[in-house]
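# Survey of secondary and tertiary structure
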Amino acid sequence: MNDSPRLTVIGTGYLGATHAICMAVLGYEVLGVDVDERKIAQLASGTVPFFEPGLPELLAKALESGRLRFTTSFEEAGRFGDVHFICVGTPQQPGSDACDLTYVEASVSALAAHLDRRALVVGKSTVPVGTAARLTSMVQELAPAGTDVELAWNPEFLREGFAVDDTMHPDRLVFGVASEWAEQRLRAAFAPILEQGTPVVTTDLATAELVKVAANSFLATKISYINAMAEVCEAVGADVKDLADSLALDDRIGGKFLKPGLGFGGGCLPKDIRAFAHRAEEIGVGQAVSFLREVDDINRRRRARTVDLVRELLGGQISGARIACWGAAFKPNSDDIRDAPALDVARTMHGLGGHVRVYDPAALDNARRAFPELRYGESALDVAQDADVVVLLTEWADFREIDPDALAQVVRTKRIVDGRHVLDAKQWRDAGWEYRALGRS
Ligand code: UDX
């Protein structure tokens, strides 16, 4: 790959670290950049600072190849790279639905100051539409190379827990570009992935920015749609699981992201739909996506309804009950607790006076740090010891596979709330359990 561009990846969180490692494994010379010295030291010594299946092995391989290095120096990044990927976080602004662009602006301007030759800066972070156009002017003003530096947008669709596969074998690549040269640079930067036959959509900057929020909004809407149906099912004693299974068999609808339950969380879906609705209002098209507010409300109600269900099962009283909470991460195969429905439910029940104990296979350290007021245990069975009710909040395989008879040995009362519709209701009822799930009679 002698004529391959040298890549920098700025921001080494879930997205950036995965991108940097995978690109090095694919054969590129890559420099990972972050302002967090600790994170950079960890990555450089072969430790992935978060839980992501398959990534530690690839980091070892990439470091061994000599193609992957890490630094905190933007000067080094400017000197080294031909194509610079911006992968920093864009969280929700405190006290607002708007997207916080502080890290994007800081990293782009820190980099721009060291761009003294032709280079391409590629945004991957999720941003409000219009950001790329603004950053183009900013980077060209700040860079010594001026308009020789171009900006492109290449949204990232990776899911936590499947980040490696989603990066190595994406279902599509979107190139938002302002020139033929930028497109050719991106094609060179993704050559091995394009050779697999991955479809590419080449478009303008604004469309590329929108693709990401439109995709996440669609996914969030699909989840809230089935959860809205669960509310209706509850009112009439119908079964949302059978309803969802029936809808899924219509291949125009499909079964993905149609699983009812506690709803969505994480660092993307919740904040992306809020930021999108906020941005749409700013540009005068708020009405077009006003349904996203409803999607958000339905999703928040799932958390409250799950607490209600536990209360009902306990005979009306959460205070004083011993409650085993299974799961803290926002979804299985992740240690990410950002906007995690599981922890929201656990904290609410703790606040209502329940004796809550939480277990999660990967997210316990993060949960302990964020919510030291909660009590934690060492295993699913440990937290279920003498429990009045077990509440499954994140569908880890460990929980799905638990034997109802083994669990019956440790709990005080055989009551279970399946917040994710993953247990076999009949099996649990046959084993003498009171089994409840939202939207199922
Ligand atoms: C998401 C997008 O899928 C990804 O393309 C984007 O780049 C980042 O945001 P991620 O946040 O990793 O990825 O999680 P995802 O697998 O999409 O799940 C999001 C949430 O939806 C989880 O809390 C999950 O539990 C929930 N979910 C998902 C449901 O409640 N029901 C479903 O049917 C599917």
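Note that this is a predicted model, so its numbers are computed, not measured.

### A few points about the overall build of the chain
When you go through the chain residue by residue, the secondary structure sums to 19 helices and 14 strands. For 441 residues, the compact-globule formula gives about 22 Å, and the C-alpha radius of gyration of the chain, at 23 Å, lands near that figure. A principal-axis box enclosing the C-alpha atoms of the chain has dimensions of 70 × 50 × 40 Å. Relative to its 441 residues, the chain shows a buried fraction of 55%. A total of about 18,400 Å² of accessible surface is found on the chain, and carbon and sulfur atoms cover 50% of it. Mean positive and mean negative side-chain charge positions of the chain (48 and 63 charges, respectively) differ by 3 Å.

### Here we look at the domain arrangement of the chain
Interfaces are often described in size by the accessible area the parts lose on coming together. Taken as a whole, the chain is organised into domain 1 (7-203) and domain 2 (216-436). For domain 1 and domain 2, the distance between their C-alpha centroids amounts to 33 Å. The interface is formed by 18 residues belonging to domain 1 together with 17 residues belonging to domain 2. Surface buried jointly by domain 1 and domain 2 totals about 1,400 Å² across both partners, of which 52% is contributed by carbon and sulfur atoms. Area buried by domain 1 at its contact with domain 2 is led by Phe51, Asp97 and Glu160, which between them contribute 41% of it. Taken together, the links from domain 1 to domain 2 amount to two salt bridges. Of the charged contacts, one joins Glu160 and Arg338 as a salt bridge, the two residues approaching to 3.3 Å between their closest N and O atoms.

### Examining the packing of aromatic side chains
Taken as a whole and judged by the stated rule, the model has seven aromatic pairs. For the pair Phe51 and Trp396, a centre-to-centre distance of 6.2 Å together with 70 degrees between the ring planes defines the contact as edge-to-face. Of this pair, Phe51 sits in the loop between helix 2 (37-44) and helix 3 (55-65) while Trp396 sits in the loop between strand 12 (389-392) and helix 17 (397-400), and the two are 345 residues apart along the sequence. Judged by relative accessible area, Phe51 falls into the partly exposed class, the value being 32%. On the basis of relative accessibility, which here comes to 5%, the residue Trp396 falls in the buried class. Aromatic side chains Trp428 and Trp433 sit 5.1 Å apart centroid to centroid with 70 degrees between the ring planes, which places their arrangement in the edge-to-face category. Assigned by exposure class, Trp428 and Trp433 land together as buried. Linked through ring pairs, Phe85, Phe175 and Phe190 together constitute an aromatic cluster. In this arrangement the basic side chain of Arg159 is found over the ring face of Phe162, its NZ or CZ atom lying 4.4 Å from the centre.

Calculation criteria
Residues numbered from 1 in each chain as written. Predicted model: local features only at pLDDT ≥ 70, side-chain atom pairs only at ≥ 80, totals over all residues. Heavy atoms only, no water. Helix = DSSP H or I, 4+ residues; strand = E, 2+ residues; numbered from the N terminus. Rg over C-alpha atoms; globule rule 2.2 N^0.38 Å. Buried < 20%, exposed > 50% of the residue type's maximum accessible area, 1.4 Å probe, protein only. Areas by Shrake-Rupley, 256 points an atom, 1.4 Å probe, with all protein chains shown as cover. Lys, Arg positive; Asp, Glu negative; His and termini not counted. Charge placed at Lys NZ, Arg CZ, Asp CG, Glu CD. Domains from an automatic or database assignment. Contact = heavy atoms within 4.5 Å. Buried area = accessible area lost by both parts, 1.4 Å probe. Salt bridge = Lys/Arg side-chain N within 4 Å of Asp/Glu carboxyl O. Phe/Tyr/Trp six-rings, centres within 6.5 Å; stacked < 30°, edge-to-face > 60°. Lys NZ or Arg CZ within 6 Å of the ring centre and 35° of its normal.

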